[in-house]
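Next come the chains, spelled out residue by residue.
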Amino acid sequence: MTPDLSITLAGIRLKNPVMVASGTFGYGPEYADLVDLSQLGAMVVKGISLEPWRGNQTPRTVEVASGLINAIGLQNPGAEGFLQTYLPFLRQFDVPVIVNIWGRTVEEYAAVAARLSAAEGIAALELNVSCPNIKEGSKSFGSNADMFKRVIAATRAVTKLPLIPKLAPDVFRVAEFARQAEAEGADALAITNSVPAMAVDLETRRPKLANITGGLSGPAIKPIAVRLVWEAAKAVKIPIIGMGGIYTAADAAEFFIVGASAVAVGTANFMEPAAALQVAAGLRDYLARHQLGSIRDLVGTLTC
Amino acid sequence: MTPDLSITLAGIRLKNPVMVASGTFGYGPEYADLVDLSQLGAMVVKGISLEPWRGNQTPRTVEVASGLINAIGLQNPGAEGFLQTYLPFLRQFDVPVIVNIWGRTVEEYAAVAARLSAAEGIAALELNVSCPNIKEGSKSFGSNADMFKRVIAATRAVTKLPLIPKLAPDVFRVAEFARQAEAEGADALAITNSVPAMAVDLETRRPKLANITGGLSGPAIKPIAVRLVWEAAKAVKIPIIGMGGIYTAADAAEFFIVGASAVAVGTANFMEPAAALQVAAGLRDYLARHQLGSIRDLVGTLTC
Amino acid sequence: MQLETATILEHRDYGAGYRLLRLAAPQIAPQVQPGQFVHLRVPRLEGCVLRRPFSVYKAADGVLEVLYKAIGRGTAVLGAALAGEKISALGPLGHGFPLDLPAGRVPVLVAGGYGMAALYLLAKRLPLTGVVFVGGRSAPDILCVEEFEKLGWKVRIATEDGSRGVCGLVTGPLEAWLAEGRGQGMPEFFACGPNGLLEVVGQRALAGDWRAWLSVDRHMCCGVGACLTCVVKLKDSDGAWVWARSCKEGPVFECRQIHWDRAEEEA
Amino acid sequence: MQLETATILEHRDYGAGYRLLRLAAPQIAPQVQPGQFVHLRVPRLEGCVLRRPFSVYKAADGVLEVLYKAIGRGTAVLGAALAGEKISALGPLGHGFPLDLPAGRVPVLVAGGYGMAALYLLAKRLPLTGVVFVGGRSAPDILCVEEFEKLGWKVRIATEDGSRGVCGLVTGPLEAWLAEGRGQGMPEFFACGPNGLLEVVGQRALAGDWRAWLSVDRHMCCGVGACLTCVVKLKDSDGAWVWARSCKEGPVFECRQIHWDRAEEEA
Ligand SMILES: Cc1cc2nc3c(=O)[nH]c(=O)nc-3n(C[C@H](O)[C@H](O)[C@H](O)COP(=O)(O)OP(=O)(O)OC[C@H]3O[C@@H](n4cnc5c(N)ncnc54)[C@H](O)[C@@H]3O)c2cc1C
Ligand SMILES: Cc1cc2nc3c(=O)[nH]c(=O)nc-3n(C[C@H](O)[C@H](O)[C@H](O)COP(=O)(O)OP(=O)(O)OC[C@H]3O[C@@H](n4cnc5c(N)ncnc54)[C@H](O)[C@@H]3O)c2cc1C
Ligand SMILES: Cc1cc2nc3c(=O)[nH]c(=O)nc-3n(C[C@H](O)[C@H](O)[C@H](O)COP(=O)(O)O)c2cc1C
Ligand SMILES: Cc1cc2nc3c(=O)[nH]c(=O)nc-3n(C[C@H](O)[C@H](O)[C@H](O)COP(=O)(O)O)c2cc1C
Ligand code: FES
Ligand code: FES
């Protein structure tokens, strides 16, 4: 019997537990020629704000040892732009669409959540309370406990869609934030966003990113992300979507074992557009080899 | 004219600004056959506690993408053991000896600081308030603002030696901790310790480290460390010793440019025992190429 | 756009510090338009997370050719790939040069560095011949001259040290040619090279009220329009600017589209 | 202990899944004692931060030989190093086997996997010959038999699938030999291989009241005693235990020194 990869997460039924991470797979059309979107566990689109947003100046990314630092700055077409241009496209596919949202104020979070909730075809909202690249406010939400709470509460109040706060990689307080999110009614957690980082050009002595700092993603952060998921999983009952440096089924399996119920593939998409599908296929093999009937049997099975 | 690498840091004169990081170079004898210790900027010895300490069970380290996770658990011969066995050896060399210290309680920090201050031949104390591998307490010191303050205050009260708190890689509050350390009388700061992380063995589904979690070091954390040093350097006037993934002079130069006054080479020693000397030599070349007369002319020269 | 496991047919030094990489890529090769690029996964490039973008130099009979220079770790490691090895290629990507020149135009190609490779395919596919201006630091940096001549194109060379062609920047011979009467018609520029060169060509075209198609070189992650790394500023209808993705809407833009603000651009 | 830039003289398949690496290492080679190891920096191993430790198989005339099996990425990448290339070697490291056997002892070598390589140098340097027990999964896993025989040693083989020698674990022929009268004298064991094998040999030696020198295999970072990664538990005078660094005080320990507590040991 082939192992069962399907899961129900925050009330959403997923064919498999491998999503693509926000900001690394665009809004759908970009990779659609290469990857059958219907086969993804879920499609998490790049962060959407109420109004269109230009993001940061360039350079916006820099490759570093086993990782990438990005400071895109959340460029996006705004809620209306997304609903008009991209959602109809995405609805052609049999895949849950999770919209990553952000705002510069608590009110903006609530407003974009409300606007998107009025549309058909969105499975859940992922709250980016942790993007390290926005100066006006979003940055602090993820590490300021009070703001964090208020953002979740305010969006919770305006939407019936499942809410998935995406935590900042706050290495010492992840359990605290996870518990707070759960208390405020979050349905699941996404852990983790990229880690604040920077790189310097030695010839010009200028930052390699126009935004000075950015977020580190990729294999370099995997051991940090696994640790964050483990800490959070011990602290809460709501499911966790683990991410950070997942390239292979083996990488993903680490996240499940420490307690993630699903995973997302981010930076790896740039190397292998079908990475998420390959991870899902590899997980199936891993489960078979370990005589586990379902991916659910792997979740939280760490023996210490 | 060859550029001048000498600096004065927290009142200590260093021939060059490249130290070896605590825990990666032992207590002196280990690498002395391979490296002339007198040529190091400073020798920072592995963390010393009041009493001998056995540390964690094995496995204690695991190699990951561009990094190493360690959970040695601060094994050490205790203050008396260090003073008897190692300090006399180290005093043969013309190199400032910085002793990294830790305790399980505030009182233990003060006690070991007091004991070491009574000895001859120690240039400064580095306070490990951030080791992620000790369960009893040290762990929380680095991320608990109140404990952090008390540890610094208590050691400050018992020693005239320069005090160098070593910060935990708390990505969102580094400036806050740096300012607090300065306010409590720290003479310099060491930034950063390794980043809490973990790895899982997929066959056994057990953690790859006996201690479950450990600290990530090496190239993987360099962009994070550079960012922490930059944030801290903007916040305080006391000098900063930057570290995290330094292998080459180019790596080190990034730290100086964002505001470090000195650097330490850690994990790189395992690959190249003379890495610190190579970094110092490379920095001299870099300064010459950029027509800078002294390493001090490079510190904090980032143009944004 | 396809993701294809190509096979290396040939990989050798090409002179001028460049290497030629010939790939059997039967799916991608037939689709390539001049100015488009392929995004290659460098075999055995550990510790790196990105593909590397390269213009297509030649594409025929299911075979792709790329000319590249080793400038960093990715291209250094690529240099070790052997004939017979597999290499993952994503392409063709982006929008290339237009091939439908209005009547009476003289195509003027201006190249720096690997630009010669990118423009070669254009020269081959354009319905008529014209003139190519190529600049470099020194004689050994000048690529593909004979290739262009074989296609019947005139080639004008400038080197900064004067070791080949005119001494100075490529704008010298270009200006001279324009002053001489610039062939039979109205020039239409096609340029590929460092951003500085592109800007000069663009300005010159604007001044002459001609068109200039510029292939911009931006760092890229995804190569398919998803990550928003490679954006350039285009002029907006209302005098402001909007971002365009050079991997998707570009890398070729007409100079009138581009909003130049140098301070904010990549070096 | 030296850090030396060695030159690869030869690098080839050796059978049994092993590769032979011959290095010109004129500084390190003359110093090597049996059971010591070298810490090699694998050329072009990007994304990894550690050297890899290997026992010395042969050391003579300024030349070092290592026999290794590709088990992970480091050894796989090492496999691509070519003769003529440089390789940074740190060594000799650790404390090896004692060579001064008390009178009347019969040296008994017990090897699994690469243990045969490590014990070969010992067989060569010991002042007398004895018997070697070697175990493996299957015939092709059995290394160096002829080499030992050429030195005048008896070799007893066991394979788990019975495809060579006795069927079963190496303890089978060992017990048989002990029962048969075990040569002329009191056995002195020298073992190198998986930790399970070492423990069995250690227990057997304790039971017979003989000595057993065991070379333990621990993950290592520094290799010189600085990082405290590779520690093993030794018995303390007061019945407790203390850590010893297998890279410095070891990798060879006498079985009476070792404090076995399996649950806490590495797999
Ligand atoms: C559309 C396009 C077409 C190109 N065509 C060619 C070609 O035909 N021949 C050729 O030799 N080169 C070409 N380049 C440049 C080529 O992509 C870079 O030289 C190459 O990526 C350098 O990689 P590296 O790892 O050796 O350099 P590193 O500097 O080590 O690379 C670090 C990072 O910077 C990026 N990078 C570095 N230089 C460039 C650059 N000039 N442009 C874009 N990204 C860069 C790398 O892709 C990588 O992500 C093209 C670039 C683009 C955008
Ligand atoms: C003292 C000593 C002597 C050795 N002698 C030999 C020899 O002569 N021939 C031989 O084939 N092998 C020998 N080994 C084992 C050899 O070091 C490993 O096979 C090798 O390090 C594996 O590296 P990898 O990158 O291919 O494996 P990976 O599993 O990818 O390595 C990951 C990490 O684990 C470490 N590691 C993995 N397996 C081992 C192991 N068995 N022992 C120690 N570290 C390990 C690696 O060094 C690296 O740090 C010896 C080990 C020790 C400690
Ligand atoms: C180029 C890029 C853009 C990203 N944009 C977003 C975003 O808009 N919203 C968000 O919540 N996370 C964003 N992320 C973070 C990823 O979703 C993911 O959390 C992070 O990269 C870690 O996963 P990885 O290591 O697999 O990439 C972005 C990451 C990258 C690399
Ligand atoms: C094996 C190992 C042991 C360490 N032990 C200590 C220690 O005892 N005290 C301490 O403050 N830091 C310790 N560190 C942290 C290093 O001093 C350094 O802060 C960290 O490794 C980052 O630098 P790197 O990336 O150059 O290694 C240790 C690091 C390693 C890898
Ligand atoms: S490289 Fe990703 S959008 Fe262009
Ligand atoms: S490997 Fe570092 S102490 Fe043994």
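For the structure given in this document, a descriptive report is provided here. Since we're looking at a predicted model, the values are computed, not measured.

Each value, and the rule that gives it
Residues numbered from 1 in each chain as written. Chains lettered and ligands numbered in written order. Predicted model: local features only at pLDDT ≥ 70, side-chain atom pairs only at ≥ 80, totals over all residues. Heavy atoms only, no water. Helix = DSSP H or I, 4+ residues; strand = E, 2+ residues; numbered from the N terminus. Buried < 20%, exposed > 50% of the residue type's maximum accessible area, 1.4 Å probe, protein only. Contact = heavy atoms within 4.5 Å. Areas by Shrake-Rupley, 256 points an atom, 1.4 Å probe, with all protein chains shown as cover. Lys, Arg positive; Asp, Glu negative; His and termini not counted. Charge placed at Lys NZ, Arg CZ, Asp CG, Glu CD. Near = heavy atom within 4 Å. Polar contact = N/O pair within 3.5 Å; in protein donor to acceptor, adjacent residues only side chain to side chain. Nonpolar A, V, L, I, M, F, W, Y, C, P; charged D, E, K, R; others polar. Domains from an automatic or database assignment. Core = buried A, V, L, I, M, F, W, Y, C linked by side-chain atoms within 4.5 Å. Pairing = 2+ DSSP bridges. Axes fitted to C-alpha atoms, helices over the stretch in contact; angles between N-to-C directions. Buried area = accessible area lost by both parts, 1.4 Å probe. Salt bridge = Lys/Arg side-chain N within 4 Å of Asp/Glu carboxyl O. Parallel < 35°, antiparallel > 145°, perpendicular 65-115°, else oblique. Left-handed = near helix turned anticlockwise from the far one by under 90°. Phe/Tyr/Trp six-rings, centres within 6.5 Å; stacked < 30°, edge-to-face > 60°.

**Re the overall build of chain A**
Part 1: Each helix and strand in chain A was counted, giving 10 helices and 16 strands.
Part 2: Along the three orthogonal principal directions, the C-alpha set of chain A runs to about 55 × 50 × 40 Å.
Part 3: Going through the 304 residues of chain A one by one, you find that 69% of them count as buried.
Part 4: Of the contacts made within chain A by residues no fewer than 6 positions apart, 71% connect residues no fewer than 24 positions apart.
Part 5: For chain A, the computed accessible surface area is about 9400 Å², with 49% contributed by carbon and sulfur atoms.
Part 6: Charge-centre separation for chain A: the mean point of 27 positive side chains lies 4 Å from the mean point of 27 negative side chains.

**Observations regarding the site of ligand 1**
Part 1: For ligand 1, the set of nearby residues contains 20 residues, the closest of which are Arg-52, Pro-53, Gly-74, Thr-75 and Asp-217 of chain C.
Part 2: Surrounding ligand 1 are residues belonging to chains A and C, so the site spans chains.
Part 3: In the environment of ligand 1, a nitrogen atom lies 2.8 Å from a nitrogen or oxygen atom belonging to the backbone of Leu-67 of chain C.
Part 4: Note that an oxygen atom of ligand 1 is positioned 3.0 Å from one of the backbone N or O atoms of Lys-69 of chain C.
Part 5: Put simply, the parts of the chain that give the shell around ligand 1 at least two residues each are strand 4 (52-55), strand 6 (63-69) and helix 1 (73-78) of chain C.
Part 6: Sort the elements by how many residues they give to the shell around ligand 1 and strand 4 of chain C lands first, with four residues.
Part 7: When grouped by side-chain class, the residues that make up the shell around ligand 1 number nine nonpolar, five polar and six charged.
Part 8: The two domains that each donate at least three residues to the shell around ligand 1 are domain 1 (2-93) and domain 2 (105-266) of chain C.

**A short note on the nonpolar core**
Part 1: By size, the foremost hydrophobic cluster in this structure holds 272 residues, and its most contacted members are Phe-82 of chain A together with Phe-82 of chain B.
Part 2: Here Phe-82 of chain B is in contact with Tyr-27, Val-45, Ile-48, Pro-77, Leu-87, Pro-88, Leu-90, Val-97, Val-99, Leu-116 and Ile-122 of chain B, once residues within four sequence places are set aside.

**Description of the sheet that holds strand 8 (residues 105-112) of chain C**
Sheet strands associate in pairs through backbone hydrogen bonding, adopting either a parallel or an antiparallel arrangement.
All names here are of chain C.
Part 1: Taken together, seven strands build an open sheet; the order of strands is 11-10-9-8-12-13-16 and the sheet is mixed. Every other strand in the sheet has two partners, leaving strand 11 (166-167) and strand 16 (252-254) as the edge strands with one partner each.
Part 2: Here strand 9 (residues 131-136) runs beside strand 10 (residues 154-159); their pairing, made up of six bridges, is parallel. Residue pairing across strands places Gly-135 opposite Ala-158, the latter belonging to strand 10.
Part 3: Where helix 4 (residues 171-180) meets the sheet, it contacts strand 8, strand 9, strand 10, strand 11 and strand 12 (186-192), and its direction lies at approximately 140° from that of strand 10.
Part 4: Its contacts with the sheet put helix 5 (residues 195-208) on strand 8, strand 12 and strand 13 (211-215), and the angle it makes with strand 13 is roughly 170°.

**What to know about the interface of chain B and chain D**
Part 1: Listed per partner, the contact involves 31 residues of chain B and 29 residues of chain D.
Part 2: With both chains or domains summed, chain B and chain D bury close to 2700 Å², and 57% of this area falls on carbon and sulfur atoms.
Part 3: Together, Arg-54, Glu-63 and Met-271 of chain B form the three largest contributors to the area buried by chain B at its contact with chain D, with a combined 25%.
Part 4: At the surface where chain B touches chain D, the tally comes to three salt bridges.
Part 5: With its nearest N and O atoms 2.8 Å apart, the salt bridge here joins Glu-272 of chain B to Arg-41 of chain D.
Part 6: Taken together, chain B and chain D are joined by 13 residue pairs in polar contact (both at pLDDT 80 or more).

**Regarding unusual backbone geometry**
Part 1: Put simply, Ile-191 of chain B and Thr-192 of chain B share a cis peptide bond, and its omega is 20°.
Part 2: Here Thr-192 of chain B lies in the loop between strand 10 (189-191) and strand 11 (195-198).
Part 3: A positive phi angle is found at Cys-144 of chain C, which is not glycine, with a value near 65°.
Part 4: With respect to the element layout, Cys-144 of chain C can be found in the loop between strand 9 and helix 3 (145-150).

**Some remarks on the environment of Phe-82 of chain A**
Part 1: Inspection of the secondary structure assignment puts Phe-82 of chain A in helix 2 (residues 78-90).
Part 2: Taking the C-alpha atoms as reference, Phe-82 of chain A lies 26 Å from Ile-240 of chain A; in sequence the two are 158 residues apart.

**Things to note about the arrangement of the chains**
Part 1: Looking at the four pairs of chains with contacts, the pair that accumulates the most is chains A and B.
Part 2: The two units chain B and chain C never meet; even their closest C-alpha atoms stay 7 Å apart.
Part 3: No part of chain A reaches chain D; the closest C-alpha pair between them is 7 Å apart.

**Points about the site of ligand 3**
Residues and elements named next belong to chain A.
Part 1: In the neighbourhood of ligand 3, 22 residues make up the surrounding shell, with Ser-22, Asn-100, Lys-166, Gly-245 and Thr-267 lying closest.
Part 2: In the model, an oxygen atom of ligand 3 is placed 3.0 Å from a nitrogen or oxygen of the Lys-46 side chain.
Part 3: Between an oxygen atom of ligand 3 and a side-chain N or O atom of Asn-128, the distance comes to 3.2 Å.
Part 4: For the shell around ligand 3, the secondary structure elements donating two or more residues are strand 4 (42-48) and strand 6 (67-70).
Part 5: Tallied by class, residues from the shell around ligand 3 come to five nonpolar, 15 polar and two charged.

**Some details on the sheet that holds strand 14 (residues 213-217) of chain A**
Part 1: Pairing within the open sheet is antiparallel, and its four strands lie in the order 5-6-14-11 (chain A). In the strand order of this sheet, the two ends are held by strand 5 (61-64) and strand 11 (195-198) of chain A, each with one partner. Here the strands of the sheet are splayed against their neighbours by 40° on average, with no regard to which way each runs.
Part 2: Pairing analysis gives three bridges linking strand 6 of chain A to strand 14 of chain A, with the strands arranged antiparallel. Residue pairing in the sheet places Leu-68 of chain A in a bridge with Ser-217 of chain A of strand 14 of chain A.
Part 3: In this fold helix 7 (residues 222-235) of chain B packs onto strand 5, strand 6, strand 11 and strand 14 of chain A, with an angle of close to 80° to the strand it touches most, strand 11 of chain A.

**Here we look at the packing of helix 7 (residues 222-235) of chain A against helix 8 (residues 249-258) of chain A**
All names here are of chain A.
Part 1: One can describe the packing of helix 7 onto helix 8 by two numbers: an axis separation of 8 Å at closest approach and a directional angle of 20°. It follows from the interaxial angle that helix 7 and helix 8 lie roughly parallel. As helix 7 packs across helix 8, the resulting crossing turns out to be right-handed. Counting all contacts with helix 7, which are made through Lys-222, Ala-225, Val-226, Val-229, Trp-230 and Ala-233, the residues of helix 8 involved are Asp-251, Glu-254, Phe-255 and Val-258.
Part 2: Looking at side-chain class alone, the contact of helix 7 with helix 8 contains seven nonpolar, no polar and three charged residues.

**Brief notes about the packing of aromatic side chains**
All names here are of chain C.
Part 1: Scanning all chains against the criterion turns up 28 aromatic pairs over all chains.
Part 2: Between Phe-54 and Tyr-68, the ring centres sit 5.7 Å apart and the planes meet at 55°, which makes this aromatic pair tilted. With Phe-54 in strand 4 and Tyr-68 in strand 6, this pair connects stretches of sequence that are 14 residues apart. By the burial criterion, Phe-54 is buried, and Tyr-68 matches it.

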